[in-house]
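Fold and contact review
Here is what each chain is made of, one letter per residue.
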Amino acid sequence: MKKTVILWAALVLMTSFCTKKETPPPAPVQEENPFFSAWTAPFETPPFEKIKEAHYLPAFQAGMDQQKKEIEAITNDSAAPSFANTIEALEKSGALLTKVGNVFFNLTSANTNDEMQKIESAVAPLLARHQDDINLNAKLFERVKAVSGEKDKLGLTAEQARLLEKTYKNFVRGGANLDEAKKAEFRKINEELSVLTQKFGENVLKEDNNFALVLDKKEDLAGLPDSVVQGAAEAARKRGMDAKWVFTLHKPSCIPFFQYSARRELREKLFKAFINRGNNNNAFDNKAILSKIAALRVKKADLLGYKTHADFVLEENMAKTPAGVDKLLDQLWMPALAMAKKEAQELQGLINTEGGSFKLEPWDWWYYAEKLKKAKYDLDDQILKPYFKLENVRDGAFDVAKKLWGLQFVERTDIPKYHPDVKVFEVKEADGTHVGILYTDYFPRPSKRGGAWSNTFRTQSARGGRKVTSLVSNNGNFSLPVSDTPSLLTFEEAQTLFHEFGHALHDLLSNCTYEALAGTNVPRDFVELASQIMENWAGDPEVIKTYAKHYQTGEPIPQALVDKIKNSGLFNQGFATVEYLAASYLDMDWHTLTEAKEQDALAFENAAMSKIGLIPEIVVRYRSPYFQHIFSGGYSAGYYSYIWSEVLDADAFEAFKETSLFDPQTALSFRQNILAKGDTDEAMALYKRFRGREPKVEPLLKRRGFIK
Ligand SMILES: [Zn+2]
């Protein structure tokens with residue numbers, strides 16, 4: 001978890017607004033704008049070395065102009081509306097805009113700077129307006145409606161019928177049925193939302209970089225393992241500080257501090273900084289912004305005739321309604337909370353045994369959990385890390401894909417990159433056929449947002465006899481190499497790497513006609529199936545042994561350690577589940593509001609958390625002011641998706657366990673029925689074709705230890 005798929009197209013659709021922000025005049029560009037010519041690097045990959053900040057705005061502008069002309073050609077067509085001259089033509093439009101948007105929005109996540117952020121603020125409302133110009137174009141909608149009205153007589157393929165249905169629905173959901181006055185209001189809301197959601201994300205990045213715990217006394221490092229101390233010294237050196245140690249709010253820096261620092265007051269200080277990002281009443285405060293976002297979403301849902309924003313979002317998902325989401329969350333919450341309370345008692349017991357005369361607080365949980373894990377299972381992250389060298393884990397993921405589908409991954413050094421940390425792989429079938437390109441970008445830096453995600457520079461399609469293959473990017477914020485030690489991952493980071501790799505496979509193995517229906521363009525609560533199922537292989541004892549090798553000796557991980565990983569699998573699951581479910585409830589609460597009234601963000605969050613009885617020792621995984629998934633990332637009323645997809649992935653992985661881990665038939669069926677299919681059919685229909693039935697919840701309950 002803590003992983004997202006960002007689809008900027010989805011962002012543009014959901015966003016929107018109204019500031020009178022002037023578009024800065026484009027800086028003079030000497031050389032040719034690379035977005036305006038064909039890309040000649042291998043596989044037509046983006047020529048990053050030629051793309052300068054000054055190229056984006058003119059390219060966005062030209063992309064919007066071009067699509068406008070394409071739309072005009074559709075609406076002015078004297079021929080009667082047909083599937084080809086309206087639906088297909090519309091799907092095909094905007095190629096230049098997609099080309100620039102895919103590069104730009106990948107880089108504002110992975111490698112941004114002040115100038116990129118300025119461009120993003122300028123372009124967000126323009127894109128929202130442009131999208132609305134299309135969705136609210138009455139002449140265009142008339143044609144779409146006309147084709148839709150004839151749908152049964154057109155002899156369409158299943159995929160074409162699906163594209164027609166989705167296109168029609170997108171117009172309705174995009175406000176096409178509103179009267180003129182309401183259309184104007186709708187536009188204003190969308191534009192306003194585009195600016196606010198962009199600002200929200202920008203503020204979180206600023207806050208992530210805004211705080212550093214600087215230590216200059218050795219005694220303040222008590223409890224920290226050598227590798228953590230070295231990492232902190234290196235972070236200090238990078239900031240020009242010698243003989244000091246710096247801890248930041250980036251997870252690979254602060255989580256080990258929470259786990260190992262014996263200095264309770266310092267843990268508290270860093271933890272409080274972590275949970276107060278966006279809540280410091282400074283220029284980057286997100287409380288008013290998120291409250292405005294939530295209120296605007298109420299207004300928008302109301303205009304479109306939905307009871308709440310969640311109703312609007314969920315009708316497109318497998319869950320269908322807020323009640324559908326609640327049903328799953330409620331099934332899990334009480335057993336998870338009961339387990340977390342038991343865990344809290346155990347941790348308190350440990351504190352008491354050690355003679356600590358204080359009550360367990362959130363900044364103690366990680367620390368004592370780590371100690372308890374060591375005591376109970378003789379296991380800690382530091383013992384495991386030498387076996388999880390980043391390159392070995394990555395090759396382990398590649399190897400799983402090879403065993404399942406015969407895929408090969410060949411590093412290419414002749415393909416342009418946007419940062420030296422990036423590595424580029426060509427993906428091929430067993431017979432050498434080109435599949436696509438995978439970029440990996442695994443290390444944190446100030447120019448990158450937190451977390452891990454997968455994204456595309458180009459989505460698969462097959463139009464006019466030409467197959468366009470995917471260019472996919474996997475991003476992480478994993479432990480950095482330190483001096484002569486390579487990047488060594490925690491086991492959780494290894495699972496995250498496999499997770500994002502699963503998203504990449506979903507895009508790479510897509511075999512669809514239309515880009516709009518291809519790859520990971522699927523419902524939010526279905527998209528995490530392909531990613532989370534890969535975590536099962538990452539953690540399987542047989543598979544671990546194949547890729548977890550000591551970085552110095554090359555020795556495979558000893559059986560005893562593999563057993564310990566397996567035995568400790570249920571450890572701290574109450575905490576992890578509660579922390580996650582609490583965030584899912586918080587998301588649903590923000591998005592089932594029925595009154596477009598701005599809220600006191602903190603009071604609202606407190607009320608939401610006390611309603612479910614969250615215990616004070618656990619803080620919701622994302623507090624509202626830095627809950628990027630839902631306020632800037634396209635997961636609004638969708639954070640539950642991870643656990644929804646976990647029902648699917650636990651049930652789907654059973655299909656492999658019932659046969660064998662790499663059963664060729666099951667693998668082929670998963671590829672053909674799920675990975676290749678994108679959004680060309682209802683998610684449940686795809687799933688049933690793979691599994692032969694609807695998913696069962698029991699494998700998930702068992703995995704989390706809620707039932708035996
Ligand atoms: Zn994911």
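These remarks concern the structure in this document. Note that the coordinates shown come from a computational prediction; the quantities given were computed from them, not determined experimentally.

**What about the packing of helix α3 (residues 83-92) against helix α7 (residues 158-173)?**
- In contact at an axis separation of 11 Å, α3 and α7 are set at 70 degrees when each is read in the N-to-C sense. When the interaxial angle is binned, α3 and α7 end up roughly perpendicular. Residues F83, I87, E88, L90 and E91 of α3 form the contact with α7, whose participating residues are Q160, L163, L164, T167 and F171.
- Looking at the contact of α3 with α7 residue by residue, the class counts come to six nonpolar, two polar and two charged.

**A few points about the packing of helix α14 (residues 322-353) against helix α15 (residues 362-377)**
- Closest axis-to-axis distance for the α14/α15 pair is 10 Å, and the angle between their directions is 85 degrees. Between α14 and α15, the angle is such that the two are roughly perpendicular. Seen from α14, the contacting residues are A340, E343, A344, E346, L347, L350 and I351; seen from α15, they are W365, Y368, A369, K371, L372 and K376.
- Split into classes, the residues belonging to the contact of α14 with α15 amount to nine nonpolar, no polar and four charged.

**Some details on the coordination of the zinc ion**
- Taken together, H499 (NE2), H503 (NE2) and E528 (OE) make up the full set of protein donors to the zinc ion, lying 2.0 to 2.1 Å away.
- Mapped onto the polypeptide sequence, the residues donating to the zinc ion form the spacing pattern H-x3-H-x24-E. Here H503, found in helix α18 (residues 491-508), pairs with E528, found in helix α19 (residues 524-539); they are 25 residues apart in sequence, far enough to count as distant.
- With relative accessibility at 0%, the residue H503 sits in the buried group.
- Among the residues examined, E528 registers a relative accessible area of 0% and is labelled buried.

Rules and cut-offs
Residues numbered from 1 in each chain as written. Predicted model: local features only at pLDDT ≥ 70, side-chain atom pairs only at ≥ 80, totals over all residues. Heavy atoms only, no water. Axes fitted to C-alpha atoms, helices over the stretch in contact; angles between N-to-C directions. Helix = DSSP H or I, 4+ residues; strand = E, 2+ residues; numbered from the N terminus. Parallel < 35°, antiparallel > 145°, perpendicular 65-115°, else oblique. Contact = heavy atoms within 4.5 Å. Nonpolar A, V, L, I, M, F, W, Y, C, P; charged D, E, K, R; others polar. Donors = N, O, S within 2.8 Å, 3.2 Å for Na, K, Ca; no water. Buried < 20%, exposed > 50% of the residue type's maximum accessible area, 1.4 Å probe, protein only.

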